[in-house]
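# Breakdown of the fold
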Amino acid sequence: MNKMIFANLVHRPFRTIISVVAVAVEVTLILLIVGLSMGMLNDARNRQVGIGADIMVQPPGSSLLMGVSGAPVSIKVADKLRQLDHVVAVVTQLSTAGTLEVLDGIDLASFEAVGGPIHYLSGGPFRGANDVLIDDYVAAVKKLRVGDSIETLNHTVQVSGVVEHGRGARKFLPITTLQDIIGAQGKASIFYVKLDDPNNADLVVQEIKGIPGMQQYGVHSLKEYLSLMSSSSIPGLSTFINIVIGISMVIGFIVIFQAMYAAVMERTREIGILKSLGARKLYIVDVILRETLVISVAGIILGVAVSFLTRSALRHKF
């Protein structure tokens, strides 16, 4: 029976190849899009962890995704946080979403007080209001060096340093400069709090929520933030992934249905001969199902292989 199945597939190579490729497209679509979505989410988590804070304080209505925040609040909130027990340092940061990127406005001194000294691969800290720090990924992809000028939010800035990736955004401006650009003088969109002992995080979180006027703020310890950064917690991400999987499954079902239908319609003569030789209906159905199974398995293997090749190509390019 198996020899007959493979002979049937080889006898109609074009239809077999089309069916296998269609199944492979379905598998590749699921693996690549879902993989890219989850990879971007994990990258955002890791870069927030890299800042080195123990607690994150966000204005009411803010998203866990950086750059998607509520209305910025006064930077004087940082003064209230510094007065709490166990608080060592507080970073005031303003984040905004540019063209497919997030920009962070930081106070360099407090940023280093929370996460330690910045590792400069070339150049150095801000020398003026119109300076920008970029990480090594941005520098490599856009072929930028210290001293080059770039356009950010319709504002020309100069690269003063290239830093190691993994601490917040990929581009950093002085917080006062970003405040002026977006018209949010004296405002911040997130506060990072460094404690004397990470084990005191839950205690300090409760103290922050007890400050008058801060009951509606988003206050998360690092441990809580990591648990919340999942596809189910990000608005629309889980729906997007389910839609992609659903569309892919429909495509796969149509392809398999078409392959089974064609296998029956093209072989009415062969089926008649098999029945005349005493083959039962279940035997004929078994032949068709096995042929469909071979096409599906071949498509899945090809789809996984294409996904790995695409991953290698993306890593090589970026």
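Look up: the structure comes first, before these words.
The shown structure was predicted, so the numbers you read here are calculated from the model rather than taken from an experiment.

Another aspect to go through is the overall build of the chain. Regarding its fold elements, the chain presents 11 helices and 12 strands. Compactness check: the chain gives a C-alpha radius of gyration of 28 Å against a globular reference of 20 Å for 318 residues, more than 25% above the reference. Along the three orthogonal principal directions, the C-alpha set of the chain runs to about 90 × 45 × 30 Å. Within the span of the chain, comprising 318 residues, buried residues form 42% of the whole. Positive and negative side-chain charges of the chain, numbering 28 and 25 respectively, have mean locations separated by a distance of 14 Å.

Further remarks concern the nonpolar core. Within the largest apolar cluster, 24 residues are counted, with the highest numbers of intra-cluster contacts made by Phe111, Phe172 and Tyr192. Of all elements in the fold, only α2 (13-49), β3 (87-97), α4 (108-115), β11 (190-195) and α9 (237-265) reach the threshold of two or more residues within this core. Ignoring sequence-local partners within four residues, the contact set of phenylalanine 111 consists of Ile51, Val91, Gln93, Ile106, Gly116, Ile118, Arg167 and Phe172. Listed in part, the 21 residues of the second largest apolar core include Val77, Leu84, Ala188 and Val205.

What follows concerns α9. Taking 1.5 Å per residue as the helical rise, α9 with its 29 residues ought to reach 42 Å, and the 42 Å between its terminal C-alpha atoms agrees with that figure. Considered for burial, the residues of α9 that qualify are Leu237, Ile241, Val244, Ser248, Gly252, Val255, Ile256, Ala259, Ala262 and Ala263. Where α9 is buried, its residues meet α2 and α11 (281-317).

Only one face of strand β7 (residues 149-152) is covered, namely the one carrying Ile150 and Thr152; the face carrying Ser149 and Glu151 has none of its residues buried. Two strands pair when backbone bridges link them, and β7 and strand β8 (residues 155-163) are joined in this way by 4 bridges, in the antiparallel orientation. In the sheet register, isoleucine 150 faces β8, and the bridge partner there is valine 157. What sits between β7 and β8 in their antiparallel hairpin is a turn of 2 residues, with leucine 153 showing a positive phi close to 55°.

Further remarks concern the packing of α2 against α9. Packed helix pairs are specified by the crossing angle of their axes together with the interaxial distance, meaning the distance between the axes. The interhelical angle for the contact between α2 and α9, taken along N-to-C directions, is 170°, at an axis separation of 10 Å. It follows that α2 is roughly antiparallel to α9 by the angle criterion. In the contact of α2 with α9, the residues fall into 19 nonpolar, 5 polar and 2 charged.

Before going further, it helps to examine the pairing of β11. Judged by how many residues are buried, β11 sits mostly within the fold: 5 of 6 residues are covered. With 3 bridges joining them, strand β1 (residues 55-58) and β11 adopt antiparallel strand pairing. Bridge pairing in β11 places valine 57 opposite phenylalanine 191.

The next point concerns the side chain of threonine 152. Note that threonine 152 resides in strand β7. Ignoring any residue separated from it by four or fewer positions in sequence, one finds threonine 152 in contact with Leu103, Val157 and Lys171.

What follows is about a nonpolar patch on the surface. Taken together, Val250, Phe253, Ile254, Phe257, Tyr261, Val264 and Met265 make up a surface patch of nonpolar side chains, about 740 Å² in accessible area. Examined against the element boundaries, phenylalanine 257 turns out to sit in helix α9.

What follows is about the packing of aromatic side chains. Throughout the structure, instances matching the rule amount to 2 aromatic pairs. Geometrically, the ring pair formed by phenylalanine 253 and phenylalanine 257 is stacked, given 6.3 Å between the ring centres and 20° between the ring planes. Highlighted residues: phenylalanine 253 and phenylalanine 257, both in helix α9, separated by 4 residues, approximately one helical turn. Since its relative accessible area comes to 52%, phenylalanine 257 is described here as exposed.

So, about the pattern of salt bridges. As enumerated under the stated definition, the model contains 5 salt bridges in all. Residues aspartate 43 and arginine 47 are paired through a salt bridge, measuring 2.9 Å at the closest nitrogen-oxygen approach. Of the two residues, aspartate 43 and arginine 47 are both situated in helix α2; the distance of 4 residues between them amounts to about one turn of the helix. Judged by relative accessible area, which is 27%, aspartate 43 ranks as partly exposed. What makes arginine 47 buried here is its relative accessible area of 17%. Between arginine 170 and aspartate 135 there is a salt bridge, with the nearest N and O atoms lying 2.7 Å from each other.

What counts, and where the lines are drawn
Residues numbered from 1 in each chain as written. Predicted model: local features only at pLDDT ≥ 70, side-chain atom pairs only at ≥ 80, totals over all residues. Heavy atoms only, no water. Helix = DSSP H or I, 4+ residues; strand = E, 2+ residues; numbered from the N terminus. Rg over C-alpha atoms; globule rule 2.2 N^0.38 Å. Buried < 20%, exposed > 50% of the residue type's maximum accessible area, 1.4 Å probe, protein only. Lys, Arg positive; Asp, Glu negative; His and termini not counted. Charge placed at Lys NZ, Arg CZ, Asp CG, Glu CD. Core = buried A, V, L, I, M, F, W, Y, C linked by side-chain atoms within 4.5 Å. Contact = heavy atoms within 4.5 Å. Expected span 1.5 Å × (residues − 1). Pairing = 2+ DSSP bridges. Axes fitted to C-alpha atoms, helices over the stretch in contact; angles between N-to-C directions. Parallel < 35°, antiparallel > 145°, perpendicular 65-115°, else oblique. Nonpolar A, V, L, I, M, F, W, Y, C, P; charged D, E, K, R; others polar. Patch = residues over 30% accessible without salt bridge, like charges linked within 9 Å, V, L, I, M, F, W, Y side chains within 5 Å. Areas by Shrake-Rupley, 256 points an atom, 1.4 Å probe, with all protein chains shown as cover. Salt bridge = Lys/Arg side-chain N within 4 Å of Asp/Glu carboxyl O. Phe/Tyr/Trp six-rings, centres within 6.5 Å; stacked < 30°, edge-to-face > 60°.

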